[in-house]
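Given next are the chains, with one letter for each unit.
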Amino acid sequence: MICGLGGVGKTTVAKVAYNSNYDRFDGSCFLANVREISEKHPNGQVYLQKQIFESILKGRKDKIYNADEGIVKMKDAIGNKKVFIVFDDVDQLDVLDSLIGTRDWFYPGSKILITTRCEKLLKSYERHMLFKIKELGVDESLKLFSWYAFAQDYPLEEFKMLSTEAIQHCGGLPLALYDLGSFLSGRDMEIWRSKLQKLEAIPHSRVQKNLEISYKSLDDHDQRLFLLIASLFVGKDKDYVIKFLENSDLHPTVGIQNLIDRSLISIDDENKVMMPPLIQDMGKEIIRRESPDDPERLCKLLNQCGLSNCLTENNETDADGVDLPGTHLPEDGLVPALGPNGAKRPYYQDFPEIAVLPYLGNSLKRRFVGLLSTFPLSGGLKRFFP
């Protein structure tokens, strides 16, 4: 299972793994956009089952009227074949279960690869390998951005400072680096400066939309908890945050774990609540967007959570911050976000001792994979594909 933020490169890595190994199996299928299809397509689960059936059986079609029937037919048709199936962008376990039933009827040697934003998608007792991808560091971000902006792995001399500023807006997210680098490619400095100034005030719409998928998958309580953490508690001790919010209706202990599982926050080695800069910007933008003309929108969010008693009578609260008694926040009320220069390098859980995914061709779309060449991802994949 490959997990991480939206736009961090999960699908790209899964495609490389698929393209490198599909011919080693009796049948294979790359099932893209599982979440979107299952939500929006009429009878989406049956539609996805038909795709699996036709791909693995080389175009053979069969009528499937419901998901239960589809599972039975697939078991009969492919239960004796060594198959490789990629489920891209899965966010609900019941959707996966409805597509393939129990995993024990697959033929020995078959492989299932899942990309997801939810680290705890699979049950703890299910045996599986986990590859967790995080954002790129500064050096890797600059290289990837430069490929899209300049068709080389370093910026032009006259654009060095602007390129450094550009990657600060991307927070190490490959999707953001791709979008911004592609937009700025071939543009003059005036356009560069104008675009970067705009990003100071307004997050990139496509990246924002992609990241909001994880936010929208939360229930109402966890959404409000996320917005509060994005606005007030980044960099604060996890135990302090839980204690501060324990009298609200947010159930912070389980809520924080839900946000961790969705890769929206993390807990660092000092037990502090951390959040990628682009995710924090997304949270603030959601608050602003929901009440664009209300200078006290954050105050209202606190009221909704039953935390109005946190505000002092003389305190002025606005969208940029709030003064909370008993905390040690700076004067503007906001804990500084983890800046781009503090962004961590990607890491891949469970396989720290093995190198590496090879550099793969000259396609700009695959530069991201090449940048992973210093990390132990392919070692894990080699264990996945012995």
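As annotated in an unreviewed UniProt entry, the protein carries the name Leucine-rich repeat-containing protein and comes from Solanum tuberosum. We quote the UniProt Subcellular location (unreviewed entry) comment for the protein here in full: "Membrane".

Asks: Looking at this structure, how should I read helix H5 (residues 93-100)?
Replies: An α-helix turns once per 3.6 residues; consequently, residues spaced three or four apart project the same way. When you tally the buried positions in H5, you get six out of eight residues, the bulk of the element. Buried-residue contacts for H5 involve strand E2 (27-31), helix H2 (34-40), helix H3 (44-56), helix H4 (67-78), strand E3 (83-87) and strand E4 (111-116). After H5 finishes, the residue glycine 101 shows a positive phi value of roughly 65°.

Asks: Mind showing me how you'd approach the pattern of salt bridges here?
Replies: When their charged atoms lie close together, side chains carrying opposite charge are able to pair. Per the stated rule, a full pass over the model turns up ten salt bridges. Put simply, aspartate 179 and arginine 206 hold a salt bridge, and the shortest N to O gap is 2.5 Å. Taken together, the positions of aspartate 179 in helix H8 (residues 174-184) and arginine 206 in helix H10 (residues 205-216) put the pair 27 residues apart, joining distant regions of the chain. A residue is classified by how much of its surface remains accessible, and aspartate 179, at 9% relative accessible area, is buried. Among the salt bridges present, the one from arginine 224 reaches aspartate 249, with a minimum N-O distance of 3.3 Å. With arginine 224 in helix H11 (residues 220-233) and aspartate 249 in the loop between helix H12 (238-245) and helix H13 (252-261), the pair connects residues that are 25 residues apart, well separated along the chain. For arginine 224, a relative accessible area of 8% translates into the label buried. Bridged by salt links that share partners, the residues Arg35, Glu39 and Asp89 form one connected network.

Asks: Got a minute to help me understand the packing of aromatic side chains in this structure?
Replies: The relation between two aromatic rings is expressed through the spacing of the ring centres and the mutual angle of the planes. For the structure shown, the criterion picks out twelve aromatic pairs. By the ring-pair criterion, three or more aromatic residues cluster together here, those being Tyr18, Tyr22, Phe25, Phe30 and Phe84. Between arginine 187 and the ring centre of phenylalanine 183, over which it is positioned, the NZ or CZ distance is 4.4 Å. A cation sits over an aromatic face here: lysine 195 above phenylalanine 183, 4.8 Å from the ring centre.

Asks: How do you make sense of unusual backbone geometry when you look at a structure like this?
Replies: Working note: non-glycine residues mostly have negative phi, and peptide bonds are mostly trans. Despite not being glycine, asparagine 33 shows a phi value in the positive range, around 55°. In this fold, asparagine 33 is placed in the loop between E2 and H2. Judged by relative accessible area, asparagine 33 falls into the partly exposed class, the value being 38%. One non-glycine residue, histidine 251, lies in positive phi territory at about 50°. Classification of histidine 251 as exposed rests on a relative accessible area of 52%.

Procedures and definitions
- Residues numbered from 1 in each chain as written.
- Predicted model: local features only at pLDDT ≥ 70, side-chain atom pairs only at ≥ 80, totals over all residues.
- Heavy atoms only, no water.
- UniProt positions renumbered as here; feature names shortened; annotations may be inferred.
- Buried < 20%, exposed > 50% of the residue type's maximum accessible area, 1.4 Å probe, protein only.
- Helix = DSSP H or I, 4+ residues; strand = E, 2+ residues; numbered from the N terminus.
- Contact = heavy atoms within 4.5 Å.
- Salt bridge = Lys/Arg side-chain N within 4 Å of Asp/Glu carboxyl O.
- Phe/Tyr/Trp six-rings, centres within 6.5 Å; stacked < 30°, edge-to-face > 60°.
- Lys NZ or Arg CZ within 6 Å of the ring centre and 35° of its normal.

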